[in-house]
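Next come the chains, spelled out residue by residue.
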Amino acid sequence: MKQHNQVKEEEKNYSVPNLERALSIIELLINHQQGLTLAEMQEKTGFPKSSLFRITQTLADREYLVKSESPVHFTLSKKFLHIGLSTLSESSLIENSLPVMREIRDSLKETVLLGSLIEGEGVLLEQVLGLHPFTFMLQPGKRFNLHASAPGKSIIAFMPVHEQEEIISAMRFEKFNENTITSKERYKTELKLVQEKGYSFDHAEELQGVHCVGAPIFNQYGYPIAAIWITAPSARLPFNDFDSTGCILKEAGLAISRKWGFNKQKNTLQA
């Protein structure tokens, strides 16, 4: 026990205070996507203002933070998105997905999107714009909720149970309208349906008049690393079309998954 405590004490001596502060600032800004001023960061962290100034300026110089004026405040840059993507695989998820996404866009005429979970949050990675005069366009890097979105359901439904439970237990189940799922029990029932069908949908659960249908993308081990989905006005994507559209998205997800070495026959997950 004495030796264990000695090792812990030695490890503590190797810590770098300013590096720990920089990481704390990054973690703080993850939860404040609108950005924070130096004064606000100082209030929340208790760090000296001079230290905060040097650290934030260094992070901004290295393009990890975006510095905005009037008033001066800092937000996380898209550089973290690229870092997160690089951990998924040596090959590019976006590059592997784009040809399939374009095929789906040409077939369904709607905007096709690609997203993943990064640090427990849904993040839009890429999109291929639809062909209609009115179509949806979102910024890559935009967060999406997990309980009322097709991609969130697609990914979480095929996760190992312990990971699934961990994510669900942290959900707030914010109610957007009368269609929103607001309980863990109903959400878990929905996930079972996604497993059975191989695709998911958002029946105007966040935005009235907007429907989404999506499907998971697996790596070679059968783990859901991302989701592909379409977003359209409910008039162009009515509930009655969810099954036919879902089957198309399911096959698209499997086509991308095969590029990662996924073999449906050898995998135990329901895809």
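### Describing the nonpolar core
Here is step 1: The biggest cluster of nonpolar side chains holds 27 residues, and the ones touching the most others in it are Leu 93, Met 101, Leu 114, Ile 217 and Ile 228.
Here is step 2: Only helix 6 (93-108), strand 3 (111-118), strand 4 (121-128), strand 7 (210-218), strand 8 (224-233) and helix 10 (242-259) provide two or more residues apiece to this core.
Here is step 3: For this core, the element with the highest residue contribution is helix 6, accounting for 6 residues.
Here is step 4: Filtering out sequence-adjacent residues up to four positions away, Ile 228 remains in contact with Met 101, Val 112, Leu 113, Val 213, Gly 214, Ala 215, Ile 217, Leu 249, Ala 252, Gly 253 and Ile 256.
Here is step 5: Counting 25 residues, the second largest nonpolar core, distinct from the first, contains Ala 150, Ala 157, Ile 167 and Val 194.

### Details of the pattern of salt bridges
Here is step 1: As enumerated under the stated definition, the model contains 8 salt bridges in all.
Here is step 2: One salt bridge in this structure joins Asp 106 and Arg 105, with 2.7 Å as the shortest N-O distance.
Here is step 3: A relative accessible area of 40% means that Asp 106 is categorised as partly exposed.
Here is step 4: What you see here is one network of salt bridges that share partners, running through Lys 153, Glu 190 and Glu 205.

### Overview of the sheet that holds strand 7
Here is step 1: Overall, antiparallel pairing links the 6 strands, which are arranged 5-4-3-8-7-6 in an open sheet. Two strands close off the open sheet at either side, each with one partner strand: strand 5 (143-144) and strand 6 (200-203).
Here is step 2: Two elements, strand 3 and strand 4, share 7 bridges in a ladder whose sense is antiparallel. Bridging from a neighbouring strand, Ser 116 pairs with Val 123 of strand 4.
Here is step 3: Taken strand by strand, helix 7 (residues 150-157) contacts strand 3, strand 5, strand 6, strand 7 and strand 8, and its axis lies near 150° from that of strand 6.

### Quick look at unusual backbone geometry
Here is step 1: The phi dihedral of Glu 63 is positive, around 70°, even though this residue is not glycine.
Here is step 2: Within the element layout of this structure, Glu 63 appears in the loop between helix 4 (49-61) and strand 1 (65-68).
Here is step 3: Owing to a relative accessible area of 55%, Glu 63 belongs among the exposed residues under this scheme.
Here is step 4: Residue Phe 173 is not a glycine yet carries a positive backbone phi of 50°.
Here is step 5: Topologically, Phe 173 is positioned in the loop between helix 8 (161-170) and helix 9 (184-197).
Here is step 6: The class for Phe 173 is buried, based on a relative accessible area of 10%.

### Quick notes on the packing of aromatic side chains
Here is step 1: For the structure shown, the criterion picks out 7 aromatic pairs.
Here is step 2: Summarising the aromatic geometry, the rings of Phe 144 and Trp 229 are spaced 5.4 Å apart at their centres and angled 65° between planes, so their arrangement reads as edge-to-face. Of this pair, Phe 144 sits in strand 5 while Trp 229 sits in strand 8, and the two are 85 residues apart along the sequence. As far as the burial class goes, Phe 144 and Trp 229 line up, both buried.
Here is step 3: Here the aromatic rings of Phe 158 and Phe 218 are separated by 5.4 Å at their centres, their planes lie at 90°, and the arrangement is edge-to-face. Remark: Phe 218 occurs in strand 7 and Phe 158 occurs in the loop between helix 7 and helix 8; sequence separation between them is 60 residues. Judged on exposure class, the residue Phe 158 and its partner Phe 218 are both buried.
Here is step 4: By way of ring pairs, the aromatic residues Phe 158, Phe 218 and Phe 262 are connected into one cluster.
Here is step 5: A cation over an aromatic ring shows up here: Arg 21 above the ring of Phe 47, its NZ or CZ 5.3 Å from the ring centre.
Here is step 6: The ring of Phe 201 carries the charged tip of Lys 153 above its face, separated from the ring centre by 5.7 Å.

Calculation notes
- Residues numbered from 1 in each chain as written.
- Predicted model: local features only at pLDDT ≥ 70, side-chain atom pairs only at ≥ 80, totals over all residues.
- Heavy atoms only, no water.
- Core = buried A, V, L, I, M, F, W, Y, C linked by side-chain atoms within 4.5 Å.
- Buried < 20%, exposed > 50% of the residue type's maximum accessible area, 1.4 Å probe, protein only.
- Helix = DSSP H or I, 4+ residues; strand = E, 2+ residues; numbered from the N terminus.
- Contact = heavy atoms within 4.5 Å.
- Salt bridge = Lys/Arg side-chain N within 4 Å of Asp/Glu carboxyl O.
- Pairing = 2+ DSSP bridges.
- Axes fitted to C-alpha atoms, helices over the stretch in contact; angles between N-to-C directions.
- Phe/Tyr/Trp six-rings, centres within 6.5 Å; stacked < 30°, edge-to-face > 60°.
- Lys NZ or Arg CZ within 6 Å of the ring centre and 35° of its normal.

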